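# Geometric and topological summary
Here are the chains, one letter per residue:
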Amino acid sequence: MAISDTNLFDFATPVDRKGTWCTQWDYVQDRFGVANLTPFTISDMDFKIAPCIEDALHQRLSHGVLGYSRWQNDEYLGAIEHWFTSQFSTLIDRNMAVYGPSVIYMIAKLINLWSDENDSIVVHTPAYDAFYKTIIGNKRHVVSCPLTKQGSNWHCDMNDLETILAKREVKILLLCSPHNPTGKVWTKQELMTMANLCAKYNVKVISDEIHMDMVWQGEHIPWSQCGQSNWALITSASKSFNIPALTGAYGLIECAKTRADYLQQIKACDGLSSPAVLSLVATIAAYQHGAPWLKALKNYLYGNLNFVAEKLNSAFPELQYTVPESTYLAWIDLNALKLDDIKLQEQLVNHEKVAIMPGFTYGNEGNGFLRLNIGCPRSKVEIGVQAIINAINALK
């Protein structure tokens, strides 16, 4: 990825998020048991929103009325169309579009529409921890299709996947594209193979593409380019433009009946008849005017990832850590050092005073890894990397 336009916006100046009800900073004790840690955890960023979004929100607030609204308007749907065309060279059918309060909420509703209790859902592991919670919370079973690390890349054995998809109890493939936490970017051939296998065994596909804008190597291919029938692509501007607190996500659902059933469920059963209007405003501004800001942000994040690689490999050459293909989540393989994961966490939390996600959070395949959120000023990244180095040296 070429580095350019890094000085158009300020990502280096820290913003104090303490005391703002911030999950990552103010409530770090909930997950790590200790307060006042420097956090590199939940995947939001410590940056201010793009100026175009801030201006749009101010303009809407100055109108002074925040009444009920609709997401099915030309500005919102047009902005989504524009983004897929300009960023992914993909034409979408706006008639497939649906809205929801969050990506995980929408995934949960589709799981309930497309499967029954005790059915099985396939995920590639290690997997985003919310996937496990959502599947199990809805009384379904998680079926793991492990990714294997080959050099610096992650590989899915399609023969193993076919064996899994052929099982009668498997109803849905819950795809993460790009993949969290490994950062894997699925190739067009891999996506087409999965689409063919799911069609062969009548397995429906939910593709979570919330990290679609954060690709460093290769290119993101939306599932809509590959899916055959009974699929849904769910995403949001929240991850790329750091606006998750506004809530709001959207999706493309291929099947007209499923779209109707989904909209009926959220309105009649859950009472969600009106979207968060400021989320619509922010998404429209981001997709219509935010591309320059996002380009500069990605350059800054890529620099952060390279900084992590340089510092870790300098301290521990045996790691041979490489920048992931996507996401601003450094997925760090420490297995070569043969450390105890629990003792490493104790060292990081109790002595280095940092909160960094342990790999086992994402399943057994995550043992020996750390997931470091580098969506923050370089000065904070330096603290996190030095803490990892110090903790490792203490254990060695």
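Here the structure is shown first, and the text comes after it.
Read on for an overview of the structure. (Residues numbered from 1 in each chain as written. Predicted model: local features only at pLDDT ≥ 70, side-chain atom pairs only at ≥ 80, totals over all residues. Heavy atoms only, no water.)

### Section: the overall build of the protein chain
- What the protein chain contains, in helices and strands, is 14 helices and 12 strands.
- The C-alpha radius of gyration computed for the protein chain amounts to 21 Å, which stays within 12% of the reference 21 Å derived for 396 residues, consistent with globular compactness.
- Over its C-alpha atoms, taken along the principal directions, the protein chain stretches across nearly 60 × 55 × 40 Å.
- Counting only contacts in the protein chain whose residues sit at least 6 apart along the sequence, the fraction spanning at least 24 positions is 76%.
- A distance of 3 Å separates the average location of the 33 positive side-chain charges in the protein chain from that of its 39 negative side-chain charges. (Helix = DSSP H or I, 4+ residues; strand = E, 2+ residues; numbered from the N terminus. Rg over C-alpha atoms; globule rule 2.2 N^0.38 Å. Contact = heavy atoms within 4.5 Å. Lys, Arg positive; Asp, Glu negative; His and termini not counted. Charge placed at Lys NZ, Arg CZ, Asp CG, Glu CD.)

### Side note on the sheet that holds strand β12 (residues 369-373)
- Read from one edge to the other, the open sheet built from 4 strands follows the order β1-β11-β12-β10, with strand pairing classed as mixed. Across the chains shown, the open sheet's two edge strands, defined by having one partner strand only, are β1 (38-40) and β10 (329-333). Direction aside, neighbouring strands of the sheet carry axes that sit 35 degrees apart on average.
- Pairing between β1 and strand β11 (residues 354-358): 3 bridges, direction parallel. Its bridge partner lying in β11, Phe-40 is registered against Ile-356. (Pairing = 2+ DSSP bridges. Axes fitted to C-alpha atoms, helices over the stretch in contact; angles between N-to-C directions.)

### Quick look at the layout of surface pockets
- By volume, the largest pocket is sized at about 1300 Å³.
- Around the largest pocket sit 49 residues that line it, and Ile-42, Ser-43, Asp-44, Pro-244 and Ala-245 are the ones nearest its centre.
- For the lining of the largest pocket, the secondary structure elements donating two or more residues are α2 (29-32), α5 (103-114), α6 (129-137) and α9 (238-241).
- Among the residues forming the lining of the largest pocket, the class breakdown is 26 nonpolar, 12 polar and 11 charged.
- Considered as a void within the structure, the second largest pocket measures approximately 320 Å³ in volume.
- Forming the boundary of the second largest pocket are 15 residues, of which Trp-71, Ile-266, Leu-272, Ser-273 and Ser-274 lie nearest the centre.
- If you list the elements that add at least two residues to the lining of the second largest pocket, you get β2 (97-100) and α10 (256-269). (1 Å grid on protein atoms, 1.4 Å probe; cavity = no way out; pocket = protein on both sides within 12 Å on 5 of 7 lines; lining within 4 Å. Points joined across faces, edges and corners; volume = space filled by probe spheres on them. Nonpolar A, V, L, I, M, F, W, Y, C, P; charged D, E, K, R; others polar.)

### Some points on the sheet that holds strand β9 (residues 249-253)
- The mixed open sheet is built from 8 strands, whose spatial order is β2-β9-β8-β7-β6-β3-β4-β5. A single partner strand is all that each edge strand has here, and the edge strands are β2 and β5 (153-156). Strand after strand, the sheet turns through a mean of 25 degrees between neighbouring axes, direction not considered.
- In the packing of helix α8 (residues 188-200) onto the sheet, the strands contacted are β3 (120-125), β6 (170-176) and β7 (204-208), and the crossing angle to β6 comes to about 165 degrees.

### Description of the packing of aromatic side chains
- Scanning the model with the defined rule gives 18 aromatic pairs in all.
- Each ring, one from Trp-331 and one from Tyr-362, has its centre 5.8 Å from the other, and the planes form 75 degrees; the classification is edge-to-face. Placement of the pair is Trp-331 in strand β10 and Tyr-362 in the loop between β11 and β12, with a sequence separation of 31 residues. Neither Trp-331 nor Tyr-362 differs from the other in exposure class; each is buried.
- Counting every residue linked through ring pairs, the aromatic cluster contains Phe-9, Phe-11, Phe-47, Trp-83, Phe-241, Tyr-250, Tyr-287, Trp-293 and Tyr-300.
- Over the ring of Trp-186 we find Lys-184, and its NZ or CZ is 4.9 Å from the ring centre.
- Taking the ring centre of Phe-40 as reference, the NZ or CZ of Lys-380 above it sits at 4.8 Å. (Phe/Tyr/Trp six-rings, centres within 6.5 Å; stacked < 30°, edge-to-face > 60°. Buried < 20%, exposed > 50% of the residue type's maximum accessible area, 1.4 Å probe, protein only. Lys NZ or Arg CZ within 6 Å of the ring centre and 35° of its normal.)

### Looking at the pattern of salt bridges
- Throughout the structure, instances matching the rule amount to 13 salt bridges.
- The closest approach of N and O atoms between Asp-333 and Lys-149, which form a salt bridge, is 3.3 Å. Taken as a pair, Asp-333 in strand β10 and Lys-149 in strand β4 (residues 141-150) lie far apart in primary sequence, 184 residues in all.
- Lys-184 is paired through a salt bridge with Glu-190; the nearest N and O atoms lie 2.9 Å apart. Taken as a pair, Lys-184 and Glu-190 share a single burial class, namely buried.
- Counted as one network, the salt bridges with shared partners bring together Arg-17, Asp-44, Asp-46 and Lys-380. (Salt bridge = Lys/Arg side-chain N within 4 Å of Asp/Glu carboxyl O.)

### Here we look at the nonpolar core
- With 108 residues, the main nonpolar core has Ile-53, Phe-241, Tyr-287, Ile-332 and Leu-372 as its most contacted residues.
- Considering each element in turn, this core owes the most residues, 12 residues, to helix α12 (residues 291-315).
- Residues Tyr-105, Leu-174, Ala-232 and Ile-266 belong to the second largest nonpolar core, which totals 25 residues. (Core = buried A, V, L, I, M, F, W, Y, C linked by side-chain atoms within 4.5 Å.)

### Quick word on unusual backbone geometry
- In this model, Thr-125 is joined to Pro-126 through a cis peptide bond whose omega is 5 degrees.
- Mapped onto the elements of the fold, Pro-126 is located in the loop between β3 and α6.
- Here Asn-180 and Pro-181 are connected by a cis peptide whose omega angle stands at 20 degrees.
- Mapped onto the elements of the fold, Pro-181 is located in the loop between β6 and α8.

### With respect to the state of the cysteines
- In total, this model carries 0 disulfides according to the counting rule given.
- No disulfide involves Cys-269; its sulfur sits 18 Å from the nearest other cysteine sulfur, which is in Cys-255.
- Its relative accessible area of 51% is what places Cys-269 among the exposed residues.
- The structure places no disulfide on Cys-376, whose sulfur is separated from the nearest cysteine sulfur, that of Cys-22, by 12 Å. (Disulfide = S-S within 2.5 Å.)

By themselves, these figures tell us nothing about what the structure is for.
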